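Reading the structure
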Amino acid sequence: MGAFTESKKTDEPSKYSNSTISNFEINTDEPILFLPDVLKPSGRFTLLPGFSPDGKTMFYSQTDCLPIGKCPQYLKRIDKTSEGWTLPRAVPLPRAGRSEAPSVTPDGKYLLFSWATTRPEYPNIAIDENFDLWRLDLTNSKNVPELLQGPDLNRLRTGAVKTLRYVNNETAPILTKDGDLYFWTERLDGIGERDIYIARAAADGGFQKPEPLPSPINSNGRDDGSWVSSDGKLMLITYGDRGGCGGNDIFLSKKVDGIWTKPKNLGCKINSIYDDGPGMLIPGTNTLVFGSSRPFEGAKAGTIALWSVELQ
C-alpha cells in the first residue's frame, strides 16, 4: 500500500463546513501538469517530490504500472541545468523495496524518505510490507540508507497489525531548521485513524518521542499527506472529511505564536472533484506542486500525476 490513497468515503456528516473554502480563495492560474515531458506520467503513479534547498534537484517516487498496490515504487531524481531538467535516473538503493515521500534536509546533506524494505535485524519476526523512515547521505555516493533512530520512531508492522490498514507505516519525513521531525502514520494509540506526528529535537541532536499534533491539525478521522516548510511555520495537509471540492483536498495551516492555526482549504481552483494532495512548495518560489487523480489526455483511470500552480 502506498501513501496516496483514495479519499475515505463516509455517510457521517462532517463537523467542518464547506464555508471554510469561501474565505480562503487564492488568486492563481489553473493548475497544469508538472514536467510531463520529463516525468512521463501516463499509466504511472508519480508521488510527492522533495527538492534540494536551492530547488535544482528533485527526488520523487514513481511506479511503472498501475495500480499502485501491485507495482514497485522506484526512487528517482532529476536535476535542473542551464538547458532544463535532466532525464530521470534511479537513486541506487542496496536492496529491493518500495519508496515514497522523499525530502531533503535544510542543510542539503541528507535525503529523508519512507522505505518499505527488509529489516535484517529482525530475521525471525514476520513483518508485512513496512514503511519506515530512512535517511541517505547525499555528500557521499558510496553511503547506503540508514534507519532514522529515535524512541518509538519506527514501529514494526507485525503481529495483530501485520496487515491492518496502514497501521505502523511511517511516511513523509520532513526535518525543519530547528531539528523537529514531522511525519504521518496510523497508530492504534493515536488520536484518529491517521495522524500527523512531530518528533521534537532532542538536546543530543536526535529526536524526542514522537507525539501526534493536537487539534485542529489532527482529529478522530484520517489526517495525513503533510508537508512542512523548512522554517516550521507553514504546513500543507490533505483532508477528505473537512468540507471541500470533492475527494481529498489540500489545506493550509500556519504556526502563529507556536500554535498551528485551523487548516483552511486552498479552494476549488486548486483542488478539484478528484483526489488532490499531498502538496508542497518548491524552495524559494511560490510554486505549489501536488499529486492529483484528475484526468489528463492519454491518462488511464487511476493515474496519479504531479500538477503545479503558481500562487500569486
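Keep in mind it's a predicted model, so treat the numbers as computed, not measured.

This brings us to the nonpolar core. Counting 46 residues, the largest nonpolar core has Phe34, Leu39, Met235 and Leu288 as the members making the most contacts within it. At 5 residues, strand β16 (residues 234–239) tops the list of elements feeding residues into this core. With residues up to four places along the chain from it excluded, the contact list for phenylalanine 34 reads Leu39, Phe51, Met58, Ile282, Val289, Leu306, Trp307 and Ser308. Ranked by size, the runner-up nonpolar core spans 10 residues in total, among them Leu75, Trp115, Trp134 and Leu147.

All right, on to the sheet that holds strand β7 (residues 97–104) then. Spatially, β7-β8-β9-β10 is the arrangement adopted by the 4 strands of the open sheet, whose pairing is antiparallel. Only two strands of the sheet have a single partner each, and these edge strands are β7 and β10 (146–147).

This part is about unusual backbone geometry. Geometrically, the link from leucine 66 to proline 67 is a cis peptide bond, its omega value of -5° lying close to zero. Along the chain, glycine 277 connects to proline 278 via a cis peptide bond; the corresponding omega equals 0°. Mapped onto the elements, proline 278 comes out in strand β20 (residues 276–281). Its identity as a non-glycine residue notwithstanding, lysine 40 has a phi of 50°, on the positive side. For lysine 40, the position within the fold is in the loop between α2 (36–39) and β2 (50–51). The phi angle at alanine 172 is positive, at roughly 60°, despite the residue not being glycine. You can see alanine 172 is positioned in strand β11 (residues 170–175).

Procedures and definitions
Residues numbered from 1 in each chain as written. Predicted model: local features only at pLDDT ≥ 70, side-chain atom pairs only at ≥ 80, totals over all residues. Heavy atoms only, no water. Core = buried A, V, L, I, M, F, W, Y, C linked by side-chain atoms within 4.5 Å. Buried < 20%, exposed > 50% of the residue type's maximum accessible area, 1.4 Å probe, protein only. Helix = DSSP H or I, 4+ residues; strand = E, 2+ residues; numbered from the N terminus. Contact = heavy atoms within 4.5 Å. Pairing = 2+ DSSP bridges.

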